[in-house]
Amino acid sequence: MTAEATGVRLTCDGPVATVTLCRPDVLNAQTPAMWRAMSDFSRDLPGDVRVVVVRGEGRAFSAGLDLSVAGASGPGSFAELATLPEQECAARIAEFQAGFTWLHRPDVISVAAVQGHAIGAGFQLALACDLRVLTTDAKLSMAEVTLGLVPDLAGTKRLVELVGYARALEICATGRRIDAAEADRIGLATLVVPPTELDGAVGDLTAGLLAGARDAVVEIKALLAGAPGRSHADQQRAEREAQTRRLRDLAGQGE
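Residues numbered from 1 in each chain as written. Predicted model: local features only at pLDDT ≥ 70, side-chain atom pairs only at ≥ 80, totals over all residues. Heavy atoms only, no water.

In the annotation of an unreviewed UniProt entry, the entry for the protein chain reads Enoyl-CoA hydratase/carnithine racemase, and the organism field reads Micromonospora coriariae. Heading Sequence similarities (unreviewed entry) of the UniProt record for the protein chain holds this comment: "Belongs to the enoyl-CoA hydratase/isomerase family." (UniProt positions renumbered as here; feature names shortened; annotations may be inferred.)

Got a minute to help me understand the overall build of the protein chain in this structure?
Scanning the protein chain from N- to C-terminus turns up twelve helices and nine strands. A globule of 255 residues ought to have a C-alpha radius of gyration of about 18 Å, and the protein chain, at 19 Å, matches this closely. By its C-alpha atoms, the protein chain is 60 × 45 × 40 Å across when sized along the principal axes. Counting all 255 residues of the protein chain, 44% fall into the buried class. Of the roughly 12,600 Å² of accessible surface on the protein chain, a fraction of 56% belongs to carbon and sulfur atoms. The average position of the 25 basic charges and that of the 32 acidic charges among the side chains of the protein chain differ by 4 Å. (Helix = DSSP H or I, 4+ residues; strand = E, 2+ residues; numbered from the N terminus. Rg over C-alpha atoms; globule rule 2.2 N^0.38 Å. Buried < 20%, exposed > 50% of the residue type's maximum accessible area, 1.4 Å probe, protein only. Areas by Shrake-Rupley, 256 points an atom, 1.4 Å probe, with all protein chains shown as cover. Lys, Arg positive; Asp, Glu negative; His and termini not counted. Charge placed at Lys NZ, Arg CZ, Asp CG, Glu CD.)

What's the story with the packing of helix α2 (residues 32-44) against helix α5 (residues 86-101) in this structure? I'm lost.
Here α2 crosses α5 at 60 degrees, and the two axes come no closer than 7 Å. The angle between the axes of α2 and α5 places the two elements in the oblique class. Classified by chirality, the crossing of α5 by α2 is left-handed. Of the residues in α5, those in contact with P32, W35, R36, M38 and S39 of α2 are R92, E95, F96, A98, G99 and F100. Partitioned by chemical class, the residues of the contact of α2 with α5 number six nonpolar, two polar and three charged. (Axes fitted to C-alpha atoms, helices over the stretch in contact; angles between N-to-C directions. Parallel < 35°, antiparallel > 145°, perpendicular 65-115°, else oblique. Left-handed = near helix turned anticlockwise from the far one by under 90°. Contact = heavy atoms within 4.5 Å. Nonpolar A, V, L, I, M, F, W, Y, C, P; charged D, E, K, R; others polar.)

When you look at empty space enclosed by the protein in this model, what are you seeing that I'm missing?
One way to see where empty space is left: roll a probe the size of a water molecule over the atoms. Within the structure shown, the criterion is met by one cavity of 30 Å³ or more. Space inside the largest cavity adds up to approximately 70 Å³. Lining the largest cavity are R50, V51, P106, D107, V108, I109, L209, L210, R214, V217 and V218. Of all elements in the fold, only α10 (198-211) and α11 (214-226) reach the threshold of two or more residues within the lining of the largest cavity. At three residues, the largest contribution of residues to the lining of the largest cavity is made by α11. Considered class by class, the residues forming the lining of the largest cavity number eight nonpolar, no polar and three charged. Per-domain counts for the lining of the largest cavity show at least three residues from each of domain 1 (8-210) and domain 2 (213-251). (1 Å grid on protein atoms, 1.4 Å probe; cavity = no way out; pocket = protein on both sides within 12 Å on 5 of 7 lines; lining within 4 Å. Points joined across faces, edges and corners; volume = space filled by probe spheres on them. Domains from an automatic or database assignment.)

How do you make sense of the state of the cysteines when you look at a structure like this?
By definition, a disulfide is the covalent link that joins the sulfur atoms of two cysteine residues. In the structure shown here, the tally under the stated rule is zero disulfides. Counting only cysteine sulfurs, C22 is the nearest neighbor of C12, a cysteine outside any disulfide, at a range of 15 Å. With no disulfide of its own, C89 has C172 as its nearest cysteine by sulfur position, at a separation of 19 Å. By relative accessible area, C89 is classed as buried at 18%. (Disulfide = S-S within 2.5 Å.)

Shown next, in the form of structure tokens:
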């Protein structure tokens, strides 16, 4: 399906892929069709891509769920999901989550370029990325609670990992808005820049990520991503094993 039909497009320029939400007239509000298209992008990604940038057209990253779709009675609507058997409903949500979780892939680093609002599903899309560059006018909110819902697009664990349980609970249970300064202070932002500098900052960050050897960066990401679930001894073992692979590869003795 075309970007016009799904509201999201994938473009590739060498080692950099860009996922663009392209519904600026509704502040890039998200739909199940967008999530399915984003899930497909993982399969369409060329093998030489190392960095994936996620951005939104217009003045907002994403204002969240498109309530005109979710609140209707058609496919993907709350009404339809509520009529499904529990396991089928959960399986449908798993399909939606896949549009976000592929951004966790170990062989790429994902960067969210966030301007304006990143609300609900928009916030969770930013959280799905490894790094987040925010403009000074950015506003984040996990607003699902205001609809009587829970965040279900793979954002809760990422939020706890970034800000801790107590702060994550407060953010999700209140649905309040977080400005860029607070996001920077509590660890949600990698960088905060003026709106006019967003493209340049993302470009500089991408260049820095591409400067290192690809296999080394892949190993580093795996080490850091796995660290919270390992003991000190297990993490040290993982470091030794990763370094052994790198040394053997550099010496031409890799598999």
